[in-house]
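An overview of the molecular structure
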Amino acid sequence: MIPARLCYALLFWGFFASVFMLRGQEAQDSVYVVLAGMDEKKQAEYINDHFFAFHSDNAALAIALGEKARALAQKNRWTHLEAQTRKNLGVAYYLEGDYPKALLHYQMALDLFTLSGDPSGQGQVLKEMGNYFKKFQRFDKALEQLEQAIAICTEVRDTHCIAAALDIKGVVYIEQGRFDEAEAIFKKELALQRRLGDEKALSYTWANLAEVAIAQGDFRQAEAFLSRSTEIRKRLGDRIGVAININNTGEMFLRSGQPENALPYFQKTVEETERIGFADLQRHAMQMLSETHAALGQHQEAIGWLNRSYALKDSLFNLNHSQQIAEMAEKYEAVKKEKELALRQRQLQTRNMLLGLSIAGLILLAGAFVLVFRYQKQRRIQWKRETELKTELIRSELSLKLQNERLRISRDLHDNLGAELTIVGGALSKRAHISASMEERSALETIAMNIRQAMALLRESIWAIRYEQFSLLSLSDKISDFAARASSLPLLVSIPEDDISLSPAQTLNLFRIAQEAIANSIKYSEASRIELSFLLKQDQQLSMVLSDNGRGFDPEALPAGNGLGNMRFRAEELGGSLEVESAPNEGTQIRVSIPLHQKQDLMP
């Protein structure tokens, strides 16, 4: 259920002192009118004081205001105010599903709270980071952060922080299947919240106790806990909390084997979260709709909802989600093929039986010789067809295994190397931000930029190994996207009307060659346009031609280190060739020719 998996409520404790609610464009205008009458520090403080009231009604507005407050605090070196703003932005980006930005803000907020000597702020951020690591099922890391948060908050007697950290710890225990320990923590937390009189926090503890009851199969108790939680949330006007409970009720029906009753709750959750801009819960509810349709045997609807879920946020961290969609579709297609194969086998058996009866009649009419002849012929036909069917099945299984392996490799690259590069880059940027030495700051920023470039190369490699083949259209789109990001120069693209399939090795090598050629044109040629064209020759040779109208050069006098050697090596690795035509003041043309159907077993 949502409280256990995402722990949204804990992200809001301590922030709902205000109930200032805004609506539409008029609300945005009114906020900026209020801010216009304040000095910069008052603006930043006002935004932080009302941040989660804004976010409850308009997430995009809250993030825009938060970024404004962060910029003001950073410019004026208000360390504690910047720390508070970054923690709030981390929570908002987490709820929006932008996890890299959330983690970066958490890390910088932790350092800023340390610099400003605020242990309570440190505990709050450590609690949020524990929730972050729980999201990605790094439970040891999550528990480590939560224990630190509890220790710090206990030392400064921040009871609200202790209760929130205990709640997330209980959720981690639920994720690990340690339900008795989770229940004990929630009951301890419940007593603490009653003493504090914190109704909002109390509503989330009731919801978590409901999840424990569901896991233990006590659905009646779970329904009672959810009812108490919902009653509090409605009274407080907590639209996010009410949406969570609607979803949780659906999950309760789904887990109790009643998918048909769960369906309307998940549909209502999607509608409510779309209205309030709660993207993370909206995606989760769409995933639950996918599971519910799958439980009802409605596979096409299941795949459709899963696609809609991941279409909300297509980024490097959502790459793993796209792979899940592909895997689900493949499994569905595999089941479909198995059913079709079984049907064909039954039809074949029926046909063979009829043929056997015909042969028996011919035996009676034509004698023993005809009987033996026809019987042997039918046996050979049957054996051939069965062999073809088995070969087709083996080929399908091998293809599915190969695709699964591609997806596993790309998933590992993304989840492990990609995540670590993100953390390292964030840490370097954070260190550069607080460094007093300009020389050190410049060096750190250069390293962080190199890491971002490495991340870009990693994304392109992951893109190239995900599938068994690519279309020429997708390659040209990828090159156009690179050119648009690299420069404002127009790139004119021409491809054959009939699309062409390329292997992963061909796709990535051609992309790298085009990338190098375009970068050289932008950097050296002073061109006003660049043209890219693909030509398919009759001998199944594919040509990629990149030309510009720049100042040109003498290829014979070109110094080493211009990238042409790498480009030529990549072309030859594909069994092809690379030609350069250029002269001073006459532009440059680079032509790559490769055999279209050459086997490429290894990625470059």
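Every value quoted in this text rests on a predicted model; they were computed, and no experiment measured them.

Side note on the packing of helix H13 (residues 239–255) against helix H14 (residues 259–276)
When two helices pack together, their arrangement is given by the angle between the helix axes and the distance between those axes. One can describe the packing of H13 onto H14 by two numbers: an axis separation of 7 Å at closest approach and a directional angle of 160°. Classified by the interaxial angle, the pair formed by H13 and H14 is roughly antiparallel. Between H13 and H14 lies a crossing of left-handed hand. Contacts between H13 and H14 pair Arg239, Ile240, Ala243, Ile246, Asn247, Thr249, Gly250, Glu251, Phe253 and Leu254 from the former with Pro259, Asn261, Ala262, Tyr265, Phe266, Lys268, Thr269, Glu272, Thr273, Arg275 and Ile276 from the latter. Tallied by class, the residues present in the contact of H13 with H14 amount to 10 nonpolar, six polar and five charged.

Re unusual backbone geometry
Of note, the phi angle at Arg77 is positive, near 60°, even though the residue is not glycine. With respect to the helices and strands, the residue Arg77 is situated in the loop between helix H4 (59–75) and helix H5 (79–96).

Digging into the environment of Leu296
Here Leu296 lies in the loop between helix H15 (279–295) and helix H16 (299–311). Its relative accessible area of 32% is what places Leu296 among the partly exposed residues. Once the C-alpha coordinates of Leu296 and Pro259 are considered, the two residues, 37 residues apart in sequence, prove to be 6.8 Å apart.

Remarks on the side chain of Ser543
Inspection of the secondary structure assignment puts Ser543 in strand S5 (residues 541–548). There is a polar contact of 3.2 Å between the side chain of Ser543 and the side chain of Ser593. The residues contacting Ser543, other than those within four sequence positions of it, are Ser533, Phe534, Leu535, Lys537, Arg591, Val592 and Ser593.

Things to note about the pattern of salt bridges
Scanning the model with the defined rule gives 14 salt bridges in all. Between Lys75 and Glu40 there is a salt bridge, with its nearest N and O atoms 2.8 Å apart. Of this pair, Lys75 sits in helix H4 while Glu40 sits in helix H3 (residues 40–57), placing them 35 residues apart in sequence. For Lys75, a relative accessible area of 52% puts it in the exposed group. Linking Glu251 and Arg255 is a salt bridge whose minimum nitrogen-to-oxygen distance equals 3.9 Å. Linking Glu251 with Arg255, this pair stays in helix H13, spanning four residues, or about one helical turn.

Thoughts on the sheet that holds strand S7 (residues 588–595)
Read across the open sheet, the five strands follow the order S2-S4-S5-S7-S6; overall the sheet is mixed. Of all the strands in the sheet, the pair left with one neighbour each is strand S2 (491–494) and strand S6 (577–582). Looking at each pair of strands side by side, their axes are set apart by 15° on average, direction ignored. Strand direction decides the pairing type here: S2 and strand S4 (residues 530–536), joined by four bridges, are parallel. Across the sheet, the residue bridging to Val493 is Leu532, located in S4. The sheet contacts of helix H22 (residues 564–573) involve S6 and S7, and relative to S6 the element is tilted by about 140°.

A short note on helix H10 (residues 179–196)
For H10, with 18 residues, the first-to-last C-alpha span of 25 Å sits near the 26 Å given by 1.5 Å per residue. Considered for burial, the residues of H10 that qualify are Ala182, Ile185, Phe186, Glu189, Leu190, Leu192 and Gln193. Packing partners of the buried residues in H10 comprise helix H9 (159–175) and helix H11 (199–215). Backbone geometry just after H10 places Gly197 at a positive phi near 70°.

Concerning the packing of aromatic side chains
By the definition in use, this model includes nine aromatic pairs. Ring centres of Tyr132 and Phe136 lie 5.1 Å apart, and the angle between their planes is 55°; this geometry places the pair in the tilted category. On the accessibility criterion, Tyr132 (5% relative accessible area) is buried. An aromatic cluster is present here, built from Tyr94, Tyr99, Tyr132, Phe133 and Phe136 joined pairwise through their rings. The cationic tip of Arg228 hangs over the ring face of Trp206; the distance from NZ or CZ to the ring centre is 4.5 Å.

Thoughts on the environment of Ser547
Mapped onto the secondary structure, Ser547 falls in strand S5. The exposure class of Ser547 is buried, given its relative accessible area of 18%.

Concerning the pairing of S6
Here six bridges tie S6 to S7, and the two strands are oriented antiparallel to one another. Note that in S7 the partner of Ser577 across the bridge is Ser593. Here S6 folds back onto S7, and the loop between the two strands holds five residues, one of which, Asn585, carries a positive phi near 65°.

Side note on the confidence of the model for the protein chain
In this model, the protein chain carries an average pLDDT of 80, and 80% of its residues clear a pLDDT of 70 or more. The least confident element of the protein chain, judged by mean pLDDT, is helix H1 (residues 2–5) at 43; the most confident is S7 at 95. Long-range and interchain partners of residues 599–604, a stretch whose pLDDT sits below 50, account for 16 contacts in this model, where long-range means more than four residues apart.

As for the state of the cysteines
Here the structure, examined in full by the defined rule, presents one disulfide. With a sulfur-sulfur separation of 2.0 Å, Cys153 is cross-linked through a disulfide to Cys161. Linking Cys153 and Cys161, the disulfide has an S-S dihedral of approximately 50° and is accordingly described as right-handed. For the pair Cys153 and Cys161, one class covers both residues: buried.

With respect to the environment of Ser501
Checked against the element boundaries, Ser501 lands in strand S3 (residues 501–502). Sequence separation of Ser501 and Leu475 is 26 residues, and the distance between their C-alpha atoms is 10.0 Å. Apart from residues lying up to four places away in sequence, Ser501 is in contact with Gln469, Phe470 and Leu596.

Description of H15
Taking 1.5 Å of rise per residue, 17 residues should cover 24 Å, and H15 covers 24 Å from first to last C-alpha, within 8% of that figure. By the criterion of burial, H15 is predominantly enclosed, with 14 of the 17 residues buried. Gly297 sits one or two residues past H15 and shows a positive phi near 80°.

Observations regarding the packing of H9 against H11
Between H9 and H11, whose axes approach to 11 Å, the crossing angle comes to 15°. Looking at the two axes, H9 sits roughly parallel to H11. Where H9 crosses over H11, the handedness of that crossing is left-handed. Mapping the contact onto sequence places Asp167, Val171 and Ile174 in H9 and Tyr204, Thr205, Asn208, Glu211 and Val212 in H11. Classifying every residue of the contact of H9 with H11 by side-chain character gives four nonpolar, two polar and two charged.

Reading the values: rules and limits
- Residues numbered from 1 in each chain as written.
- Predicted model: local features only at pLDDT ≥ 70, side-chain atom pairs only at ≥ 80, totals over all residues.
- Heavy atoms only, no water.
- Axes fitted to C-alpha atoms, helices over the stretch in contact; angles between N-to-C directions.
- Helix = DSSP H or I, 4+ residues; strand = E, 2+ residues; numbered from the N terminus.
- Parallel < 35°, antiparallel > 145°, perpendicular 65-115°, else oblique.
- Left-handed = near helix turned anticlockwise from the far one by under 90°.
- Contact = heavy atoms within 4.5 Å.
- Nonpolar A, V, L, I, M, F, W, Y, C, P; charged D, E, K, R; others polar.
- Buried < 20%, exposed > 50% of the residue type's maximum accessible area, 1.4 Å probe, protein only.
- Polar contact = N/O pair within 3.5 Å; in protein donor to acceptor, adjacent residues only side chain to side chain.
- Salt bridge = Lys/Arg side-chain N within 4 Å of Asp/Glu carboxyl O.
- Pairing = 2+ DSSP bridges.
- Expected span 1.5 Å × (residues − 1).
- Phe/Tyr/Trp six-rings, centres within 6.5 Å; stacked < 30°, edge-to-face > 60°.
- Lys NZ or Arg CZ within 6 Å of the ring centre and 35° of its normal.
- pLDDT = per-residue confidence, 0-100.
- Disulfide = S-S within 2.5 Å.

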